[in-house]
Amino acid sequence: MIPLFLDDPRLQGTIAFLGGPYSNHLALRAASEDARRRGAAMVFCLGDLGGFGPNPGRVFPILDEFGIVTIAGNYDQSLAERRADCGCGYTHPSDNHFAQLSYEYTDRRTTDPERARLAALPLTIRFRRRGRQVHLCHGSPRRVNEFLWESACSDAFLTRLLREAEADTVLCAHTGIPWQRLLPEGGRLINVGAVGRPANDGRVETWYALLEEGRDEARFVPVAYDHESLAREMEEEALPPEFVETIRTGWWTTCLEILPAKERARGRF
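Residues numbered from 1 in each chain as written. Predicted model: local features only at pLDDT ≥ 70, side-chain atom pairs only at ≥ 80, totals over all residues. Heavy atoms only, no water.

Student: Would you mind showing me how to read the packing of aromatic side chains here?
Tutor: Aromatic ring pairs are defined here through the distance separating the ring centres and the angle between the ring planes. For the structure shown, the criterion picks out 7 aromatic pairs. On the basis of an interplanar angle of 35° and a centroid distance of 4.9 Å, the ring pair of Phe52 and Phe243 is categorised as tilted. Here Phe243 lies in helix H8 (residues 241-249) and Phe52 lies in the loop between strand S3 (42-45) and helix H2 (59-65), a separation of 191 residues in the sequence. Here Phe52 and Phe243 have matching classes, each one buried. An aromatic cluster of at least three residues, connected via ring pairs, comprises Phe17, Phe44 and Phe127. The ring of Phe52 has Arg197 lying over it, and the distance from NZ or CZ to the ring centre is 5.7 Å. (Phe/Tyr/Trp six-rings, centres within 6.5 Å; stacked < 30°, edge-to-face > 60°. Helix = DSSP H or I, 4+ residues; strand = E, 2+ residues; numbered from the N terminus. Buried < 20%, exposed > 50% of the residue type's maximum accessible area, 1.4 Å probe, protein only. Lys NZ or Arg CZ within 6 Å of the ring centre and 35° of its normal.)

If you want it as structure tokens, here you go:
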């Protein structure tokens, strides 16, 4: 899909960026409310609306209520096109096993109108802010399911990625762990993490990224939500207990093999 270019004066003020909701409607609402309270004139979601959590259809009314501008992630593409798997980009059998359980659950509970809505999402959004060209994507500017890990991305690689994307700032998600880096030549990469599950740090809050008025550096904002209610809802939907444990403890229990050594070492498992 052709990149969507926005020209809206609200983009020069405070704006918020949410990583994958992963069907966690309670965290999505909490993060959206917090962003509005902090003065965010616009809120963007960087894709992967479903997966991992329960009752995927509950995220759509929240997106509408808060006017959240959304791009497509790999999950959204797969559901829209009725693919056999999530296209997450995992390579290890254990990661793919749990990813498939999540995808099949979400696929069974996604309606045809919801698939049509996912199919209409743009793959990227571009706009100018404070004289800088900003590029929003899910995985990376070159591939929707590319993992950009902090420990695995050199300055040279990120500089080339931004140059090829003709961007001064790239905001992405997909990995689930927020981080950012100011590059030597002035470019900036911001991975906004994920709203739908914790950042593998032993904290049960959700996280999102805030670009405040007059600033190019993102602030990562933790937001408490009723994670125990979500855990009980997941149990009612017979989702894997490993997923529920992650929500209750803040530690990832699945899809760990994709993590580079440094990111893996920060977790419990």
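From this point on, the discussion continues.
Student: So what exactly am I meant to see when it comes to helix H7 (residues 227-236) here?
Tutor: An α-helical turn contains 3.6 residues, so a residue and the one three or four places further along point in the same direction. Along H7, the positions that sit buried rather than exposed are Ser229, Leu230, Ala231, Glu233 and Met234. Buried residues in H7 make contact with helix H1 (25-37) and H8. (Contact = heavy atoms within 4.5 Å.)

Student: Looking at this structure, how should I read the environment of Glu237?
Tutor: By secondary structure assignment, the location of Glu237 is in the loop between H7 and H8. Owing to a relative accessible area of 22%, Glu237 belongs among the partly exposed residues under this scheme. Sequence-wise, Glu237 and Arg58 are 179 residues apart; in three dimensions their C-alpha atoms are separated by 14 Å. When residues no more than four places from it in sequence are discounted, the contact partners of Glu237 are Pro54, Asn55, Tyr105 and Arg109.

Student: Hey, could you run me through the side chain of Thr110 in this one?
Tutor: Along the chain, Thr110 falls in the loop between helix H4 (93-108) and helix H5 (112-119). From its side chain, Thr110 meets the backbone oxygen of Thr106 in a polar contact 2.7 Å long. If sequence neighbours within four positions are ignored, Thr110 has contacts with Pro56, Leu79 and Arg115. (Polar contact = N/O pair within 3.5 Å; in protein donor to acceptor, adjacent residues only side chain to side chain.)

Student: In this structure, what is going on with the pattern of salt bridges? I would like to understand it.
Tutor: Where charged atoms from two side chains of opposite charge come close, those side chains can pair. With the rule as written, the count across this model stands at 22 salt bridges. The salt bridge involving Arg58 is made with Glu233; its shortest N-O contact spans 2.9 Å. Of this pair, Arg58 sits in the loop between S3 and H2 while Glu233 sits in helix H7, and the two are 175 residues apart along the sequence. Since its relative accessible area comes to 43%, Arg58 is described here as partly exposed. Here Glu233 falls in the buried class, since its relative accessible area comes to 9%. Among the ionic pairs, Glu81 bridges to Arg83, the shortest N-O distance being 2.7 Å. (Salt bridge = Lys/Arg side-chain N within 4 Å of Asp/Glu carboxyl O.)

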